[in-house]
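Structure assessment
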Amino acid sequence: MRDKAKMIFGNRISKGDYKKAVASKAKYAKRYGDDKDANYVTAIKNNPYIGEILGVKDIKLDDVRADDIFDTNKGIIVGNIRMGFGHYRISMAIASAANSMGYKPYWMDLNSYEDTVCTKVISNQNDLYSMGSRISQRSNAFNKLFWEPMNYEGFRKLSYNASDQKNAELMAPVFKNIPKEIPVVGTHVWPAQAAIHAGMKYVVNAIPDNWPMALHLAEGSLHTVQTHSAYMGYRILNGMSGDDVLKPMPAESLVYTGHYVDHELVTNIEADCQARIERKKNKKPMRFLLSIGGAGAQKEIFAAIIKYLMPAIKKDYVVLYINVGDYINVWEELCREIDELESVTNTHFQDFLETESFCQDALKNDISGVHAFYHENIFEAVYTTNMLMRSTDVLVTKPSELAFYPIPKLFIKRIGGHEQWGAIHSAEIGDGTLECRDIPHTLQMIRLFIKDSTVLNNMCENILNNKKAGIYDGAYKVVEHAMNLKRIGG
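Below: a short report on this structure. (Residues numbered from 1 in each chain as written. Predicted model: local features only at pLDDT ≥ 70, side-chain atom pairs only at ≥ 80, totals over all residues. Heavy atoms only, no water.)

Attention now moves to the overall build of the chain. Each helix and strand counted, the chain has 19 helices and 18 strands in total. The C-alpha radius of gyration computed for the chain amounts to 22 Å, which stays within 12% of the reference 23 Å derived for 490 residues, consistent with globular compactness. Expressed along its principal axes, the backbone C-alpha trace of the chain runs to roughly 65 × 50 × 45 Å. Burial status across the chain gives 59% buried among its 490 residues. Contacts in the chain between residues far apart in sequence, at least 24 positions, make up 71% of those at least 6 positions apart. Total accessible area on the chain is roughly 19,500 Å²; 51% of this is exposed by carbon and sulfur atoms. (Helix = DSSP H or I, 4+ residues; strand = E, 2+ residues; numbered from the N terminus. Rg over C-alpha atoms; globule rule 2.2 N^0.38 Å. Buried < 20%, exposed > 50% of the residue type's maximum accessible area, 1.4 Å probe, protein only. Contact = heavy atoms within 4.5 Å. Areas by Shrake-Rupley, 256 points an atom, 1.4 Å probe, with all protein chains shown as cover.)

Before going further, it helps to spend a moment on empty space enclosed by the protein. According to the stated counting rule, one finds two cavities of 30 Å³ or more in the structure shown. There is about 50 Å³ of room inside the largest cavity. Every residue along the wall of the largest cavity is listed here: Leu265, Ile269, Asp272, Arg276, Met389, Arg390, Pro406 and Ile407. A per-element tally of the lining of the largest cavity places helix 10 (residues 269-281) first, with three residues. Its residues assigned to classes, the lining of the largest cavity shows five nonpolar, no polar and three charged. Arg279, Lys284, Pro285, Arg287, Asp366 and Ile367 together form the lining of the second largest cavity. (1 Å grid on protein atoms, 1.4 Å probe; cavity = no way out; pocket = protein on both sides within 12 Å on 5 of 7 lines; lining within 4 Å. Points joined across faces, edges and corners; volume = space filled by probe spheres on them. Nonpolar A, V, L, I, M, F, W, Y, C, P; charged D, E, K, R; others polar.)

A few words on the packing of helix 11 (residues 299-314) against helix 17 (residues 439-451). It is the contact of helix 11 with helix 17, at a shortest axis distance of 10 Å, that shows an interaxial angle of 40°. In terms of their interaxial angle, helix 11 and helix 17 are classed as oblique. Where helix 11 crosses over helix 17, the two elements pack in a sense that is right-handed. Counting all contacts with helix 11, which are made through Glu300, Ile301, Ala304, Ile305, Tyr308 and Leu309, the residues of helix 17 involved are Ile439, Thr442, Leu443, Ile446, Arg447 and Ile450. Taken together, the residues of the contact of helix 11 with helix 17 break down into nine nonpolar, one polar and two charged. (Axes fitted to C-alpha atoms, helices over the stretch in contact; angles between N-to-C directions. Parallel < 35°, antiparallel > 145°, perpendicular 65-115°, else oblique. Left-handed = near helix turned anticlockwise from the far one by under 90°.)

Now for the sheet that holds strand 16 (residues 394-397). Here seven strands make up an open sheet; going across it, the order is 14-15-13-12-16-17-18 and the pairing parallel. Edge positions in the sheet fall to strand 14 (345-349) and strand 18 (432-435), since each of these pairs with one other strand and no more. Pairs of neighbouring strands in the sheet enclose a mean axial angle of 15°, with direction left out of account. Across six bridges, strand 12 (residues 286-291) lies against strand 13 (residues 318-323) in parallel orientation. Bridge pairing in strand 13 places Met286 opposite Val318. In the packing of helix 16 (residues 420-429) onto the sheet, the strands contacted are strand 17 (409-411) and strand 18, and the crossing angle to strand 18 comes to about 140°. (Pairing = 2+ DSSP bridges.)

Looking at the element boundaries, Asn126 is found in helix 4 (residues 117-138). Judged by its relative accessible area of 11%, Asn126 falls in the buried class. Setting aside chain neighbours within four positions, we find Asn126 in contact with Arg82, Met83, Gly84 and Asn111.

With that out of the way, let us pick up helix 17. For helix 17, built from 13 residues, the straight-helix expectation of 18 Å at 1.5 Å per residue is met to within 8% by its first-to-last C-alpha distance of 18 Å. Listed in full, the buried residues belonging to helix 17 are Thr442, Leu443, Met445, Ile446 and Phe449. Taken around the axis of helix 17, the buried residues stretch over an arc of 155°, which confines them to a single face. Summarising the geometry of helix 17, the exposed residues directed more than 90 degrees from the buried face are Pro440 and Lys451. (Expected span 1.5 Å × (residues − 1). Arc of directions from axis to C-beta.)

Here we come to the sheet that holds strand 9 (residues 222-225). Here eight strands make up an open sheet; going across it, the order is 3-4-6-5-7-8-9-11 and the pairing mixed. Each having just a single partner strand, strand 3 (43-46) and strand 11 (254-256) make up the two edges of the open sheet. Averaged over all pairs of adjacent strands, the angle between strand axes in this sheet comes to 30°, irrespective of strand direction. Two strands pair when backbone bridges link them, and strand 5 (residues 75-80) and strand 6 (residues 104-109) are joined in this way by six bridges, in the parallel orientation. Bridge pairing in strand 6 places Gly75 opposite Lys104. Packed onto the sheet, helix 7 (residues 189-197) meets strand 5, strand 7 (184-186) and strand 8 (203-206) and runs at close to 165° relative to strand 8.

Here we take up the packing of aromatic side chains. In the structure shown here, the tally under the stated rule is 15 aromatic pairs. An angle of 40° between the planes, with centres 5.6 Å apart, marks the rings of Tyr88 and Phe379 as tilted. One end of the pair, Tyr88, is in helix 3 (residues 86-100); the other, Phe379, is in helix 15 (residues 378-389), with 291 residues separating them in the sequence. On the basis of relative accessibility, which here comes to 3%, the residue Tyr88 falls in the buried class. For Phe379, a relative accessible area of 8% corresponds to the buried category. With a centroid separation of 5.8 Å and an interplanar angle of 85°, the aromatic rings of Phe349 and Tyr374 are classed as edge-to-face. With a gap of 25 residues between them, Phe349 in strand 14 and Tyr374 in strand 15 (residues 370-374) connect regions that are remote in the sequence. When its relative accessible area of 27% is taken as the criterion, Phe349 is described as partly exposed. Residue classification places Tyr374 among the buried residues on the basis of a relative accessible area of 10%. Aromatic ring contacts, followed pair by pair, group Tyr49, Tyr88, Trp107 and Phe379 into a single cluster. (Phe/Tyr/Trp six-rings, centres within 6.5 Å; stacked < 30°, edge-to-face > 60°.)

Here you go:
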């Protein structure tokens, strides 16, 4: 196989940058070893959390008794990592779509194989990224001088991709005993790169966000994007080597699909939007969902929102959902900061069946007060937001992967410059606000949602029109492209 760190889509990497890429791999190999000759045993196991909901089975690397065998006709691998909630969320959307289309999604989390070099390398980088996110929220100087430039321009460069390609060579061994003819959808670039290095034949790289970065390139795969602007940026590798004009990506390597959204949400768009409009018309309490991820970053913004809404909650003008994901410490910190929060909150902690029951009940019945959700398991933590979205009027979130979901959205301040383009895209297609970059503007937008029906109703109408245009069909399209690669290749 050609060394993918030396040349990227016909664009040669400088000797200095290639040397850095080789050194990056050598650093990790020295720290964690190189298991290229390992023969990891593969087992298909039932997923006890979202297996029944999404038809997902897990790919494990151990010698335990398997619950199933690979289906090389209907099987499709969703390759992912735990790096924040966004990549898991995309994975769930792809699995949901595949399941609805009659395929068998296999969940392959490259950050879950603790004894492998692959997981050790990913975990190290994940820890660094999480630490950077937290520091960026505490230090304006760090954010301005390092974090924003790194997320906005650093990850954009082809030289960064060269290092990732070298590091991904250390991740390839986990694919050794997986049938090479099963299509792989990588919902982070590393699973896509690792799959290519491992010789998987049909690989789709489902690119997140709306800011083209070389970080997300996995040459040899089919790249999918959620917006037309991202398509143009990736096609010409815009800005990925300063002001240089680069050789473009081949047309057959890139395709626009639309937003990656779960089947369960797409098929209920009409009913859910109509319910929002009816609640507003009948002066029912407005339902806000605070989705807190990213290791609890931006806690001070969420605390300000909760404090502001507390009088309206007591008067039954507002209902508040708070999902702290798998970060119980965030909930505890919020309770310490807001004296009355704990006493007025109905907690839905750890019992996922009870959470499911609440979400179904909220679709049909009136509810009141504050409802907080926490689940230690990552699957349950992420999917709780998906379930709550259907009965929510307004989702309050940073403009990350949730920016692409079919629900009215209020965007708080981003984490990393790349995220701002998710809010811009959402505002342009009319299903979300502009990015509110400080607390006063965030609270202004909340007041507007509560007092003026125009904003919510317009967003609901735009969501309905977007659905008709196929904007939310991206997950289905990704699965179609993955299976078509196999049909064409076979």
